[in-house]
Amino acid sequence: MSQWHIFGAGAMGCLIAHRMQQCELPSTLLHHHKEPVEKIIIDGHVETHLEALPLQTLAHGSIERLLLTTKAGQVQSALALALPYLTKNAIVASTANGMGFEKAAQNSIPNHTIHRAISTAGAFRVSADRVRVVSNGTTRMGLPGSSLPSPQWFNDSLQHLSAWHWESNIEQAIAVKFSINCIINPLTAELTCRNGELLDRGVAKPELKALCEETQPALIALGLWSEEEDLLATVVSVCQSTAQNNSSMLQDKMAGRLTEVEFLNGELLRRAESLGIDLPLNRALLHSLR
Ligand code: KPL
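Draft legend 1. Looking closely at helix α5 (residues 170-191). With 22 residues, α5 should reach 32 Å at 1.5 Å per residue; the first-to-last C-alpha distance of 31 Å fits that figure. The element α5 is largely enclosed, with a buried count of 17 among its 22 residues. Once α5 finishes, T192 follows within two positions and takes phi at roughly 50°, a positive value.

Draft legend 2. Highlighting the site of the ligand. K177, N181, I184, N185, N195, V238, N245, S247 and S248 make up every residue found near the ligand. The side chain of N195 places a nitrogen or oxygen atom 2.9 Å from an oxygen atom of the ligand. The separation between an oxygen atom of the ligand and a polar side-chain atom of S248 is 2.5 Å. Coverage of the ligand by the protein chains reaches 85% of its 280 Å² of free accessible surface. By residue number, the principal contributor to the shell around the ligand is α5, which donates 4 residues.

Draft legend 3. Layout of the domain arrangement of the chain. When cut into domains, the chain gives domain 1 (4-168) and domain 2 (173-289). Between domain 1 and domain 2, the C-alpha centre-to-centre distance is 25 Å. The interface of domain 1 with domain 2 comprises 17 residues on the first partner and 16 residues on the second. Summed over both sides, the interface of domain 1 with domain 2 buries roughly 1500 Å², with 62% coming from carbon and sulfur. Put simply, K71 and D252 hold a salt bridge, and the shortest N to O gap is 2.9 Å. For the pair domain 1 and domain 2, the interface holds 3 residue pairs in polar contact (both at pLDDT 80 or more). The set of elements that each furnish at least two residues to the side of domain 1 that touches domain 2 consists of α2 (72-82), β7 (114-119) and β8 (122-127). The residue inventory of the side of domain 1 that touches domain 2, partitioned by class, reads 7 nonpolar, 5 polar and 5 charged.

Draft legend 4. Quick look at the packing of aromatic side chains. Inspection of every chain in the model, using the stated rule, returns 5 aromatic pairs. Ring centres of F101 and F263 lie 6.0 Å apart, and the angle between their planes is 80°; this geometry places the pair in the edge-to-face category. Highlighted residues: F101 in the loop between β6 (86-94) and α3 (102-108) and F263 in the loop between α8 (248-254) and α9 (265-274), separated in sequence by 162 residues. F263 carries the same exposure label as F101, and that label is buried.

What counts, and at which threshold
Residues numbered from 1 in each chain as written. Predicted model: local features only at pLDDT ≥ 70, side-chain atom pairs only at ≥ 80, totals over all residues. Heavy atoms only, no water. Helix = DSSP H or I, 4+ residues; strand = E, 2+ residues; numbered from the N terminus. Expected span 1.5 Å × (residues − 1). Buried < 20%, exposed > 50% of the residue type's maximum accessible area, 1.4 Å probe, protein only. Near = heavy atom within 4 Å. Polar contact = N/O pair within 3.5 Å; in protein donor to acceptor, adjacent residues only side chain to side chain. Areas by Shrake-Rupley, 256 points an atom, 1.4 Å probe, with all protein chains shown as cover. Domains from an automatic or database assignment. Contact = heavy atoms within 4.5 Å. Buried area = accessible area lost by both parts, 1.4 Å probe. Salt bridge = Lys/Arg side-chain N within 4 Å of Asp/Glu carboxyl O. Nonpolar A, V, L, I, M, F, W, Y, C, P; charged D, E, K, R; others polar. Phe/Tyr/Trp six-rings, centres within 6.5 Å; stacked < 30°, edge-to-face > 60°.

This is the structure we're talking about:
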């Protein structure tokens, strides 16, 4: 069975490497630093040690399956670093959230198509080398622009991971996650609160309600949200099921890392502007979190 190389040893990369190890799927965790680093995954009461190896220790042309676990802002540079290590027919996939980075990413590896994996898994860095798993969530993988059924390489490997599924309409999965993340992530980062604190006794707080009211029509006009679904109701339900989570944007902000706001509300504003739609609440959040 082919080996997966997971590039990016942050929370998502460590979680996936850990799950692959549990399923005995051959995998190597890689990072862009020069020295190997030991990572500790805390999953319930169990601590597991994983080693992240420098990408440069590999031979050129030796990666057959690459799972890129960097965030949207680093996808392009990570792919440029990984390119010499890919085989001609390598499978490439990215777990990044958001939209607006795809074209530049694809241009940096023109001979490989980039699959996307959209995950609701929750994990966060407790410190530089410790990652805590919060929830396994569900991960859907697919190839944008294609509705083909699940390929053999997926059935052989990633399918064995708990709650990983092939998705023949990955664009829709990306759009739904994007829409939810455009609401919860910037608001929790701005208000410095857990997801559940956007609700008051189960009811949306005024800031949450106002942002959904502004955003839903734009998402529908852009073909990213269905008219039959109520964005606020969906977001309230995600806030309830992830009530104790610090959103990924709040975690990034607290750790002083670059947030994904450019690839969420920034991208939404750029697309809405092309249709002449103004989104003042989204703009204010983008400027404050940029
Ligand atoms: O995807 C998330 C994130 O934090 O990025 C949500 C759904 C908001 C859960 O925290």
